[in-house]
Amino acid sequence: LGPSVGALVKRIHGVEAALGRLRDTELASARIRREGPAPPRLLVLRLEHRRKKAVTELATAWLRLAQPGFLAGVRRRLES
């Protein structure tokens, strides 16, 4: 299927990795809040920073995956 499929796989993995980081951060935040005692403020701030970074990474990875020109090229390659 050529290099366009390799590029597609790479971009999908980028989205997958960003989703994983976001999920891990949100699960960690929920767990430390659920289990006492109250977490240190610095830890809460650090996790929030990591969550925001993961959201930004996900948005970037998604835009890269969803580029119309890129997707059109993949479709052409798959249809040929």
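Up top is the structure these notes are about.
The shown structure was predicted, so the numbers you read here are calculated from the model rather than taken from an experiment.

Enquirer: I'd like a rundown of the overall build of the chain, residues and numbers included.
Expert: Helix and strand counts for the chain stand at 3 helices and 0 strands. If you list the helices and strands of the chain from N to C, you get α-α-α. The C-alpha radius of gyration computed for the chain amounts to 18 Å, which surpasses the reference 12 Å derived for 80 residues by more than 25%, pointing to a less compact arrangement than a globule. Oriented by its inertia axes, the alpha-carbon framework of the chain measures out at about 60 × 15 × 15 Å. Counting every position in the chain, which comprises 80 residues, the buried fraction comes to 20%. In the chain, of all internal contacts separated by at least 6 residues, the share reaching a separation of at least 24 is 78%. Taken as a whole, the chain presents about 6100 Å² of accessible surface, with 61% of it coming from carbon and sulfur. Computing the positive centroid from 17 side-chain charges and the negative centroid from 7, the chain places the two 5 Å apart.

Enquirer: Describe the nonpolar core, listing the residues and the values that go with them.
Expert: Of all hydrophobic cores here, the largest spans 10 residues; its members are Leu8, Val15, Ala18, Leu22, Ala54, Leu58, Ala61, Leu65, Phe70 and Val74. With sequence-adjacent residues up to four places away left out, Val15 is seen in contact with Leu58, Ala61, Trp62 and Leu65.

Enquirer: Quick rundown of helix 2 (residues 41-65)? Include the residues and the values.
Expert: With 25 residues, helix 2 should cover 36 Å at 1.5 Å per step; its first-to-last C-alpha distance of 36 Å lies within 8% of that length. Within the sequence span of helix 2, burial applies to Leu47, Ala54, Leu58, Ala61 and Leu65. Tucked into the core, helix 2 has its buried residues touching helix 1 (3-34) and helix 3 (68-79).

Enquirer: Please give an account of the packing of helix 1 against helix 3 that cites residues and values.
Expert: Two numbers describe how helix 1 lies on helix 3: the axes approach to 9 Å, and their chain directions differ by 135°. Relative to helix 3, the element helix 1 lies oblique. In this structure, the crossing between helix 1 and helix 3 has a hand that is left-handed. Residues Pro3, Ser4, Val5, Ala7, Leu8 and Arg11 of helix 1 touch helix 3, and the partners they reach there are Phe70, Val74, Arg77 and Leu78. Class assignment for the residues of the contact of helix 1 with helix 3 results in 7 nonpolar, 1 polar and 2 charged.

Enquirer: Please provide a residue-by-residue account of the pattern of salt bridges, values included.
Expert: As enumerated under the stated definition, the model contains 3 salt bridges in all. For Glu57, the salt bridge identified is with Arg21, shortest N-O distance 2.7 Å. Taken together, the positions of Glu57 in helix 2 and Arg21 in helix 1 put the pair 36 residues apart, joining distant regions of the chain. Taking the relative accessible area as the measure of exposure, Arg21 reaches 39% and is therefore partly exposed.

Rules used throughout
- Residues numbered from 1 in each chain as written.
- Predicted model: local features only at pLDDT ≥ 70, side-chain atom pairs only at ≥ 80, totals over all residues.
- Heavy atoms only, no water.
- Helix = DSSP H or I, 4+ residues; strand = E, 2+ residues; numbered from the N terminus.
- Rg over C-alpha atoms; globule rule 2.2 N^0.38 Å.
- Buried < 20%, exposed > 50% of the residue type's maximum accessible area, 1.4 Å probe, protein only.
- Contact = heavy atoms within 4.5 Å.
- Areas by Shrake-Rupley, 256 points an atom, 1.4 Å probe, with all protein chains shown as cover.
- Lys, Arg positive; Asp, Glu negative; His and termini not counted.
- Charge placed at Lys NZ, Arg CZ, Asp CG, Glu CD.
- Core = buried A, V, L, I, M, F, W, Y, C linked by side-chain atoms within 4.5 Å.
- Expected span 1.5 Å × (residues − 1).
- Axes fitted to C-alpha atoms, helices over the stretch in contact; angles between N-to-C directions.
- Parallel < 35°, antiparallel > 145°, perpendicular 65-115°, else oblique.
- Left-handed = near helix turned anticlockwise from the far one by under 90°.
- Nonpolar A, V, L, I, M, F, W, Y, C, P; charged D, E, K, R; others polar.
- Salt bridge = Lys/Arg side-chain N within 4 Å of Asp/Glu carboxyl O.

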